[in-house]
Amino acid sequence: MKIQDTLSDSEKELDITKKVRIYLCGVTVYDVSHIGHARTIIVFDTLRRFLEASGANVEFIQNFTDVDDKIIKKANESGETAEIISNKNIQSYFEDFNRLNVKAATEYPKATEHIEDMINLIQNLVDKDLAYVAKNGVYFHVSKFPDYGNLSKKKISDLESGARVEIDESKDNPLDFALWKFSNELPNWSSPWGNGKPGWHIECSAMSIKYLGEEFEIHGGGRDLIFPHHENEIAQSESFTQKPFAKIWMHAGMITINGEKMSKSVGNIKTVNNVLENWGPNVIRLFCLSGHYSKPIDYTENLLKENLVKWRQLETCYYEL
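None of these values were measured; they are calculated from a predicted model.

Cut-off values and rules
- Residues numbered from 1 in each chain as written.
- Predicted model: local features only at pLDDT ≥ 70, side-chain atom pairs only at ≥ 80, totals over all residues.
- Heavy atoms only, no water.
- Helix = DSSP H or I, 4+ residues; strand = E, 2+ residues; numbered from the N terminus.
- Rg over C-alpha atoms; globule rule 2.2 N^0.38 Å.
- Buried < 20%, exposed > 50% of the residue type's maximum accessible area, 1.4 Å probe, protein only.
- Contact = heavy atoms within 4.5 Å.
- Areas by Shrake-Rupley, 256 points an atom, 1.4 Å probe, with all protein chains shown as cover.
- Lys, Arg positive; Asp, Glu negative; His and termini not counted.
- Charge placed at Lys NZ, Arg CZ, Asp CG, Glu CD.
- Polar contact = N/O pair within 3.5 Å; in protein donor to acceptor, adjacent residues only side chain to side chain.
- Axes fitted to C-alpha atoms, helices over the stretch in contact; angles between N-to-C directions.
- Parallel < 35°, antiparallel > 145°, perpendicular 65-115°, else oblique.
- Nonpolar A, V, L, I, M, F, W, Y, C, P; charged D, E, K, R; others polar.
- Arc of directions from axis to C-beta.
- Salt bridge = Lys/Arg side-chain N within 4 Å of Asp/Glu carboxyl O.
- Pairing = 2+ DSSP bridges.

Focus: the overall build of the chain
Here is step 1: A count of helices and strands for the chain gives nine helices and 13 strands.
Here is step 2: Against the 2.2 N^0.38 benchmark of 20 Å for 321 residues, the chain shows a C-alpha radius of gyration of 20 Å, consistent with a compact globule.
Here is step 3: The dimensions of the chain, computed from C-alpha atoms along their principal axes, are 65 × 50 × 35 Å.
Here is step 4: Taking all 321 residues of the chain together, the buried fraction comes to 48%.
Here is step 5: In the chain, of all internal contacts separated by at least 6 residues, the share reaching a separation of at least 24 is 76%.
Here is step 6: By element, 48% of the accessible surface of the chain is carried by carbon and sulfur atoms, the whole surface being about 15,500 Å².
Here is step 7: Taken together, the 37 basic and 47 acidic charged side chains of the chain have centroids lying 3 Å from each other.

Structure, rendered in structure tokens:
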């Protein structure tokens, strides 16, 4: 079986006679899941089902990011704790994706349950002088990882400080990214460098290595995660292990709404619950698979109606057989 690998920009052979370990970057649980999340998860659910039907032994890990600035902001606005916000949206996730007939992952690790693993990984990078302590946190030395930019096909020299990176004058280099952020705001955890919370990228490195080992077959997510999230994951993980990280990087295309990007400001977010109520699980699954998995698809009434017709044809075929 061949899968399009984002890193090499070519098709790579996947050996399904051996165990296939897959790590899928899951949702940040500050709100309910939307159709964009559904597309990515349904693509990987279909891959997993095909592999298992082909006789492969699959270990499938999908995390929850349950510590994040958006979660904290929502908690402050609502008067609830970040933990309550996260748990409520995790429960909602399972309700939605059970209705979409998505198989349960082997494990669903939460970021908050793996803080010690993250601290150990960061300490290793600090000890190697690949990370440093600054005024606002601990940062990774991007300049010390020569392959930075290979996944996203970006050159360090072309990346400007104001483009998609947070400007912080305390950093050695504007491109250096946070491994640990100092904070006294709850929730926070103690560390050798000071109280705070982990950076976004370090979570997935720590959890994927813990559950799948230092090298595994497939790392996946939506195409919006290629940069900076997965680019940074590769840099810190390979600096930690001194080995290649995932053998294949597989990314699902985004969903637009009538040609526009989904955005709360535009008011065009389609929640999983909403589309399930209107179209049902099988039509939504067919819609999410209606184009090549790595390409974007547009959420329109016409395309959904086409998939409704396809589903009815499948039902008729099934009953006749």
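A look at the side chain of N63
Here is step 1: Positionally, N63 belongs in the loop between β4 (58-62) and α2 (69-78).
Here is step 2: Here Y23 takes part through its side chain, which lies 3.4 Å from a polar atom of the side chain of N63.
Here is step 3: Among the polar contacts listed, one links the side chain of N63 to the side chain of T65, at a separation of 3.4 Å.
Here is step 4: Residues in contact with N63, not counting those within four places in the same chain, are Y23, L24, C25, G26, V27, P109, C204 and M207.

Notes on the packing of helix α1 (residues 35-53) against helix α8 (residues 281-288)
Here is step 1: Between α1 and α8, whose axes approach to 9 Å, the crossing angle comes to 85 degrees. Of the possible angle classes, the one that applies to α1 and α8 is roughly perpendicular. Residues I35, A38, R39, I42, V43, D45, T46 and R49 of α1 form the contact with α8, whose participating residues are I284, R285, F287 and C288.
Here is step 2: Here the contact of α1 with α8 is built from residues that sort into seven nonpolar, one polar and four charged.

Examining helix α7 (residues 272-279)
Here is step 1: Buried within α7 are the following residues: V272, V275, L276 and W279. On an axial view of α7, the arc spanned by its buried residues comes to 105 degrees, and they lie on one face. Residues of α7 that are exposed and point over 90 degrees away from its buried face: E277 and N278.
Here is step 2: Taken together, the buried residues of α7 touch α1, α3 (82-99), α8, β13 (297-299) and α9 (301-320).
Here is step 3: Of the residues flanking the end of α7, it is G280, one or two places downstream, whose phi is positive at about 85 degrees.

Examining the environment of E116
Here is step 1: Positionally, E116 belongs in helix α4 (residues 115-127).
Here is step 2: Classification of E116 by relative accessible area gives exposed; the value is 60%.
Here is step 3: For the pair E116 and S191, spaced 75 residues apart in the sequence, the C-alpha separation amounts to 8.8 Å.

Concerning the side chain of E231
Here is step 1: You can see E231 is positioned in helix α6 (residues 226-241).
Here is step 2: An unpaired buried charge is present at E231: no salt bridge exists, and K153, the closest side chain of opposite charge, is 7.4 Å distant.
Here is step 3: Only 3.0 Å separates the side chain of E231 from the backbone nitrogen of G149, close enough to count as a polar contact.
Here is step 4: Only 3.4 Å separates the side chain of E231 from the backbone nitrogen of L151, close enough to count as a polar contact.
Here is step 5: Residue contacts for E231: discarding those within four places in its chain leaves D147, Y148, G149, N150, L151, S152 and I226.

A word on the sheet that holds strand β6 (residues 137-140)
Here is step 1: With respect to topology, four strands assemble into an open sheet ordered β5-β6-β7-β8, the strand pairing being antiparallel. Each edge of the open sheet carries a strand with a single partner, namely β5 (131-133) and β8 (196-198). Direction aside, the axes of adjacent strands within the sheet are offset by 20 degrees on average.
Here is step 2: Of the strand pairs in this sheet, β5 and β6 are connected by three bridges, and their pairing is antiparallel. Each bridged residue has a counterpart across the sheet, and for V133 the counterpart in β6 is V138.

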